[in-house]
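# Survey of secondary and tertiary structure
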Amino acid sequence: MGALSHLKVLDLSRVLAGPWASQILGDLGADVIKIERPGSGDDTRSWGPPYLNDAAGHPTSEAAYFLATNRNKRSVTVDMAKPEGQALIRELAMQADVVLENFKVGGLKQYGLDYVSLKAVNPKLVYCSITGFGQDGPYAERAGYDFLIQGLGGLMSLTGEPDGDPQKVGVALTDIMTGLYATIGVLAAMAHRDRTGEGQHIDMALLDVQVACLANQAMNYLATGIAPKRLGNAHPNIVPYQAFPTADGDMILAVGNDSQFAKFCEVAGQAWAQDERFATNRARVANRQRLVPLIRQTTVMRTTAEWIAALEAVGVPCGPINTLDQVFADPQVVQRGLHVDLYHPTAGHAPTVASPLRLSVSPVEYRTAPPLLGQDTDTALIDWLGVSNERLIALRALGVLGN
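Described in the following lines is the structure provided in the data block. (Residues numbered from 1 in each chain as written. Predicted model: local features only at pLDDT ≥ 70, side-chain atom pairs only at ≥ 80, totals over all residues. Heavy atoms only, no water.)

## Observations concerning the nonpolar core
If you look at the biggest cluster of nonpolar residues, it comprises 29 residues, and the most contacted ones within it are Leu10 and Ile35. Every element with two or more residues in this core is listed here: β2 (31-36), α3 (83-95), α4 (115-121), α15 (377-385) and α16 (389-397). The element that contributes the greatest number of residues to this core is α3, accounting for 4 residues. Counting residues in each nonpolar core, the second largest holds 28 residues, with Val9, Ile24, Leu100 and Val209 among its members. (Core = buried A, V, L, I, M, F, W, Y, C linked by side-chain atoms within 4.5 Å. Buried < 20%, exposed > 50% of the residue type's maximum accessible area, 1.4 Å probe, protein only. Helix = DSSP H or I, 4+ residues; strand = E, 2+ residues; numbered from the N terminus.)

## Here we look at the pattern of salt bridges
Counted according to the given criterion, the structure contains 14 salt bridges. One salt bridge connects arginine 74 with aspartate 383, and the closest N-O pair in it is separated by 2.7 Å. Here the residue arginine 74 occupies a position in strand β5 (residues 74-77), and aspartate 383 occupies one in helix α15, the gap between them amounting to 309 residues. Given the relative accessible area of 16%, arginine 74 is considered buried. In this structure, the salt-bridge partner of aspartate 258 is arginine 284, at a minimum N-O distance of 2.9 Å. Within this pair, whereas aspartate 258 is found in helix α9 (residues 258-268), its partner arginine 284 is found in helix α10 (residues 281-286), the two being separated by 26 residues in sequence. The exposure class assigned to aspartate 258 is partly exposed, which follows from its relative accessible area of 33%. Judged by relative accessible area, which is 0%, arginine 284 ranks as buried. (Salt bridge = Lys/Arg side-chain N within 4 Å of Asp/Glu carboxyl O.)

It is worth stressing that arrangement in space is one thing and function is another; only the former is reported here.
Right, dumping it as structure tokens:
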């Protein structure tokens with residue numbers, strides 16, 4: 001049984017940050033009901049191609065993007081614009097331990113589904129709001145998107161080649177990090193509730209998370225007053241720690257200390273470790289522009305596989321730059337079971353990327369593939385609220401539950 005199998009999560013979020021958090025909670029055993037708009041559902045259901053293929057190789061209507069972040073959930077379609085739909089969601093919130101939402105600031109107040117309204121009927125509720133800029137401040141009313149936040153929050157000023165354009169990260173990393181922090185916040189709030197019986201509101205902002213995750217680069221600026229610049233694949237504080245060309249491609253060399261550098265020099269047949277310009281990391285950072293070209297001239301003399309074999313033998317961190325087909329064929333990735341197939345009602349099966357969490361006593365569970373739109377409306381409402389068939393029929397007649 002999952003570690004969080006005692007929790008009920010009402011997920012009013014869509015796209016990525018909120019669904020990422022609710023998927024983690026679902027992986028850990030929570031019963032997650034995902035509320036979606038009748039007819040269209042989560043925006044990402046239509047974010048394709050690509051779409052999931054069925055057994056005959058024909059694309060279904062299930063977008064790969066939606067599949068990435070919605071397993072272990074039950075899809076319930078409710079028209080929130082109708083008073084009866086609002087009342088139904090309030091009933092669900094009364095039974096929930098956690099509510100996740102990513103509406104604009106104040107967007108749920110008109111429906112009576114904001115934190116203050118739901119706290120009045122469920123004081124123990126942990127209510128997590130995810131927005132671009134938080135519940136206050138001059139930008140609070142703005143919509144927030146990962147790409148915009150990567151730029152505004154400084155990440156793009158650090159990503160890309162020094163003489164090239166600023167670059168975003170290849171996945172929506174700010175959304176994902178916000179989902180992770182939201183999960184941490186929910187678990188902390190649940191621990192507080194377990195001790196005191198008191199729920200609370202969690203105010204998560206993409207911009208806050210992005211700035212917090214600038215990590216050493218933020219401290220490089222705060223410690224010096226000098227804004228770091230783009231270094232491509234190089235590291236601002238460690239040299240050599242970047243990609244280098246080889247005879248048949250590229251490799252990553254990640255030297256973390258002077259001992260590793262000396263071992264690298266021995267394998268490379270160079271005396272750089274005895275050169276005072278390069279003997280220490282402090283010196284190597286200061287003389288980066290001299291050392292890096294010398295290393296590049298050397299690394300092109302062997303293939304990537306030859307370098308990796310020689311350097312791994314002496315404990316120097318290094319590795320290839322894999323494409324995703326190479327990633328999922330990698331023996332370590334295969335051994336760790338990072339590709340999981342789940343039963344899917346229309347496609348037969350749906351691939352998913354495994355959770356990185358490895359709990360020895362209460363492991364992650366892969367119970368269900370991402371649901372079809374409205375797939376669980378009746379069963380979830382019966383399970384949580386004991387809704388009668390007569391009421392289900394009446395709600396459908398009003399257009400509250402969709403078809």
